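One letter stands for each residue in the lines below.
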Amino acid sequence: MTNGVRNEVDIFMRGLIRRNPGEKEFHQAVREVVETLMPYVNEHRKYKDAQILERMTEPDRIIIFRVSWEDDKGNIRANRAWRVQFNNSIGPYKGGLRFHPSVTQSVLKFLGFEQVFKNSLTGLPMGGAKGGSNFNPKGKSEREVMRFCQSLMVELHRHIGEDTDVPAGDIGVGAREISYLFGFYKRLENRFTGILTGKGLAFGGSLVRTEATGYGCVYFCENMLKHRGDSLQGKTCLVSGSGNVAIYTVEKATQLGSKVLTMSDSGGFIHDPDGIDAEKLAFVKDLKEVRRGRIAEYTTKYPRASFHEKKRPWNVPGDIAFPCATQNELDLQDAEQLLANGVQAVCEGANMPTELDAVHALVDGKVLFGPAKAANAGGVAVSGLEQSQNALRLSWSREEVDLRLRTIMKDIHEKCISHGENGDGYVNYVRGANIAGFVKVADAMLAYGVV
Ligand code: NDP
Ligand code: 2IT
């Protein structure tokens, strides 16, 4: 970055921070985008003159509401929920719902902002949004989760629709929550229609949606390696998280010949020097998806593995890192450790898992760095395919959806290359993804005039 560009970015960011005080995750996500887009926007004056960056960093609207519900002991509980409808220039709003105590407006704004670029990259007609609540599903009974979902839908149903806004899952929102939400929407509106994705297969869900984010992330990594004349065969991988994205990242990486050494949750990480094979992963699926247990239990079943309480897996030597848990889970020190251990690729399954100075260190170190907007777009892409199947009233086969997913990930990789290739052959996928995602949305906004 030249000094001139850094200056312009700083001026832009001062305005954004003044307008959005205290929202540090949102500031971080915008800074990453603006750092790479500023030179491009300067070269293409039509975007600058139309104030596209200023307009794209302001959500279309934010809906904030109270969710009251009653717990099993008869206590009345009140949570806050949001839907951030960020930008619908290229299609109806689309993006997940997150239930986690750390959810704030800032977190949902960063997620909604990134979703706009990610959805654009998929090539499908989807705008960007995100929503969720500071509700903590951990330790809640099935009935409590159901009552919370139903109460949330009493308000949310007014703001969504198959041509308006189509939510899906994210942290703390999986098949169970989507089912409760969909069942209640149907009851409130007396309409059976694709207003949510990630639905069960019996009621409009798509094959491969469950696996799509993790599989897509590994397909993206495979494309990055292939571009360097390499493959996943024989690589050792570090995965963080043990939820939806992590589990299917481990599954696909293993199928493609890698050995995955680690998984984690908020309690710490497990290190299995023998690798987490299909049988061990079946244990993790039952542990996390069915019994909702803690990853530490892995070591009682597989005693050759070790558990590292409250630690992250980035100091374990490995060829590829897949952060798949949450935002800001890989900092500069972790990045330096990965570099010292000779990491070849970092591919983001989670949204914004890498802090900005860590991203800079990895890119400067010429590591293949797959940013979330590109690398984890497989989930929302198959959500888009679920919408298409719902509109057609058809269900495609597993092979058909998987082939479309592979094709979409390959296309995203190519788009990143076309805007991210440095003169020296190194591909800056951060710049590539940001510019490629931006152009489609910005051109639509220009075509609409002042809206
Ligand atoms: P899940 O709820 O299925 O799993 C989340 C995992 O991350 C759990 O292992 C959880 O551990 C861990 N985790 C969550 N919060 C924290 C935290 N604050 N500190 C440490 N660990 C944490 O969520 P997903 O797998 O769906 O989502 C993971 C990431 O992937 C998120 O960043 C999400 O935005 C992103 N993503 C998800 C997509 C999807 O289709 N689901 C699509 C694209 C991106 P614990 O159980 O202890 O909380
Ligand atoms: O971050 C994401 O892309 C998701 N949580 C998935 C969104 C979706 O609509 O499938």
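Report follows, based on the coordinates. (Residues numbered from 1 in each chain as written. Chains lettered and ligands numbered in written order. Predicted model: local features only at pLDDT ≥ 70, side-chain atom pairs only at ≥ 80, totals over all residues. Heavy atoms only, no water.)

**Looking at the overall build of the protein**
(1) Moving on: Counting its secondary structure elements, the protein contains 17 helices and 12 strands.
(2) Moving on: Its C-alpha atoms give the protein a radius of gyration of 21 Å, within 12% of the compact-globule value 22 Å for 451 residues.
(3) Moving on: Principal axes of the C-alpha set define a box for the protein whose edges measure 60 × 60 × 45 Å.
(4) Moving on: Sorting the 451 residues of the protein into buried and exposed places 57% on the buried side. (Helix = DSSP H or I, 4+ residues; strand = E, 2+ residues; numbered from the N terminus. Rg over C-alpha atoms; globule rule 2.2 N^0.38 Å. Buried < 20%, exposed > 50% of the residue type's maximum accessible area, 1.4 Å probe, protein only.)

**A word on the site of ligand 1**
(1) Moving on: Around ligand 1, 25 residues are found, and the nearest of them are Asp170, Thr213, Ser266, Arg294 and Asn351.
(2) Moving on: Lys138 is positioned such that a nitrogen or oxygen atom in its side chain is 2.9 Å from an oxygen atom of ligand 1.
(3) Moving on: Contact distances for ligand 1 include 2.9 Å between an oxygen atom and a backbone N or O atom of Val245.
(4) Moving on: When the free accessible area of ligand 1 is taken as 880 Å², the share hidden by the protein chains comes to 83%.
(5) Moving on: Those elements giving two or more residues to the shell around ligand 1 turn out to be helix H8 (209-227), helix H9 (244-255) and strand E7 (259-265).
(6) Moving on: Grouping the constituent residues of the shell around ligand 1 by class yields 5 nonpolar, 13 polar and 7 charged. (Near = heavy atom within 4 Å. Polar contact = N/O pair within 3.5 Å; in protein donor to acceptor, adjacent residues only side chain to side chain. Areas by Shrake-Rupley, 256 points an atom, 1.4 Å probe, with all protein chains shown as cover. Nonpolar A, V, L, I, M, F, W, Y, C, P; charged D, E, K, R; others polar.)

**What about the packing of aromatic side chains?**
(1) Moving on: The full count for this structure, using the stated rule, is 19 aromatic pairs.
(2) Moving on: The interplanar angle of 65 degrees and the centroid separation of 6.3 Å between the aromatic rings of Tyr215 and Tyr248 together place this pair among those described as edge-to-face. Of the two residues, Tyr215 is situated in helix H8 and Tyr248 in helix H9; the sequence distance between them amounts to 33 residues.
(3) Moving on: In this structure Tyr215 comes out as buried when scored by relative accessible area, which is 7%. (Phe/Tyr/Trp six-rings, centres within 6.5 Å; stacked < 30°, edge-to-face > 60°.)

**Side note on the packing of helix H6 (residues 142-156) against helix H7 (residues 175-189)**
(1) Moving on: Relative orientation of the contacting elements H6 and H7 amounts to 45 degrees, with a least axis distance of 9 Å. What the angle tells us is that H6 and H7 run oblique. Once H6 is placed against H7, the crossing between them reads as right-handed. Contacts between H6 and H7 pair Glu142, Val145, Met146, Cys149, Gln150, Leu152, Met153 and Val154 from the former with Arg176, Glu177, Tyr180, Leu181, Phe184, Tyr185 and Leu188 from the latter.
(2) Moving on: Among the residues making up the contact of H6 with H7, the classes are represented as 11 nonpolar, 1 polar and 3 charged. (Axes fitted to C-alpha atoms, helices over the stretch in contact; angles between N-to-C directions. Parallel < 35°, antiparallel > 145°, perpendicular 65-115°, else oblique. Left-handed = near helix turned anticlockwise from the far one by under 90°. Contact = heavy atoms within 4.5 Å.)

**Digging into the environment of Asn376**
(1) Moving on: Checked against the element boundaries, Asn376 lands in the loop between helix H14 (372-375) and helix H15 (377-392).
(2) Moving on: Of the residues examined, Asn376 reaches a relative accessible area of 4% and is grouped as buried.
(3) Moving on: Along the sequence, Asn376 and Ala444 sit 68 residues apart, while their C-alpha atoms lie 24 Å from each other.
(4) Moving on: Once you skip the residues sitting within four places of it in the chain, Asn376 turns out to touch Lys118, Thr213, Glu348, Gly349, Ala350 and Asn351.

**A look at the site of ligand 2**
(1) Moving on: By nearness alone, 14 residues border ligand 2, and Lys94, Lys118, Asp170, Arg209 and Ser383 come closest of all.
(2) Moving on: Contacts to ligand 2 include Gln115, whose side-chain N or O atom sits 3.0 Å from an oxygen atom.
(3) Moving on: Lys118 places a side-chain nitrogen or oxygen 2.7 Å from an oxygen atom of ligand 2.
(4) Moving on: Here ligand 2, which alone exposes 290 Å², has 94% of that area covered by the protein.
(5) Moving on: If you list the elements that add at least two residues to the shell around ligand 2, you get strand E3 (93-99), helix H5 (105-121) and H15.
(6) Moving on: In terms of residue class, the shell around ligand 2 is made up of 2 nonpolar, 7 polar and 5 charged.

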